[in-house]
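Tertiary structure, described
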Amino acid sequence: QVRLVESGGGLVQPGGSLRLSCVASGSILSINVMGWYRQAPGKQRELVGTITRGRSTKYADSVKGRFTISRDNAKNTVYLQMNSLKPEDTADYYCNANIYTGWGSTGDYWGQGTQVTVSS
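We now turn to the structure provided with this report. (Residues numbered from 1 in each chain as written. Predicted model: local features only at pLDDT ≥ 70, side-chain atom pairs only at ≥ 80, totals over all residues. Heavy atoms only, no water.)

**Quick word on the packing of aromatic side chains**
To be explicit about the condition: We call Phe, Tyr and Trp rings a pair once their centres come within 6.5 Å, taking the six-membered ring for Trp, and we label the pair stacked below 30 degrees between planes, edge-to-face above 60, and tilted otherwise. Sitting over a ring, as applied to charges here, requires NZ of Lys or CZ of Arg to be within 6 Å of the ring centre and within 35 degrees of the ring normal.
Scanning all chains against the criterion turns up 1 aromatic pair. When the ring centre of Tyr 79 is taken as origin, the NZ or CZ atom of Arg 19, which lies over that ring, is 4.1 Å away. Cation over ring: Arg 45 sits above Tyr 94, and NZ or CZ is 3.8 Å from the ring centre.

**Re the state of the cysteines**
What counts, and what does not: Two cysteine sulfur atoms make up a disulfide if the distance between them is within 2.5 Å. Secondary structure elements follow DSSP: runs of H or I of four or more residues count as helices, runs of E of two or more count as strands, with numbering from the N terminus. Burial here depends on accessible area, computed with a 1.4 Å probe over protein chains only, as a share of the maximum for the residue type. Under 20% is buried, over 50% is exposed, and the range in between is partly exposed.
Counted according to the given criterion, the structure contains 1 disulfide. Covalent S-S linkage joins Cys 22 and Cys 95, the inter-sulfur distance amounting to 2.1 Å. Given an S-S torsion of about -80°, the disulfide between Cys 22 and Cys 95 has left-handed geometry. Taken together, the positions of Cys 22 in strand S3 (residues 18-26) and Cys 95 in strand S9 (residues 91-102) put the pair 73 residues apart, joining distant regions of the chain. As far as the burial class goes, Cys 22 and Cys 95 line up, both buried.

**Some thoughts on the nonpolar core**
Rule in force here: Among buried residues, those of type Ala, Val, Leu, Ile, Met, Phe, Trp, Tyr and Cys that are joined through side-chain atoms within 4.5 Å constitute a nonpolar core. A contact between two residues is defined here by any heavy atoms of the two lying within 4.5 Å.
Counting 29 residues, the largest nonpolar core has Trp 36, Leu 80, Met 82 and Tyr 93 as the members making the most contacts within it. Breaking this core down by element, the ones donating at least two residues are strand S1 (2-7), S3, strand S4 (30-39), strand S5 (46-51), strand S7 (67-72), strand S8 (77-82), S9 and strand S11 (114-118). Here this core takes 5 residues from S9, the largest share from any one element. If near-sequence neighbours (up to four positions away) are discounted, Met 82 is found in contact with Gly 16, Ser 17, Leu 18, Leu 20, Arg 66, Phe 67, Tyr 93 and Val 116.

Dropping the structure here:
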């Protein structure tokens, strides 16, 4: 089994910063693309950004220049550094990973989410 666990969410004032972490554990042979998604109240889940195993990144236009995704392949961990946070960044943030578990099996796995609230 594979498990993804996020941490680092919380309450922050506008203009502040937070760093989210997501650790994957379990029967993992390799992790391909890892990403962060978010879902605000009453809205659909949306992509924040992704990072490949080779560390190529893509970001949603709404977070470009403010958020940075990085990963540590040795630790099966992906990070989301969020700077210049805005109230509209308030959401539950979810980690996603495409993981090869062996025997030709690859699947997408999700964390349970961590809440980020940007408010004064």
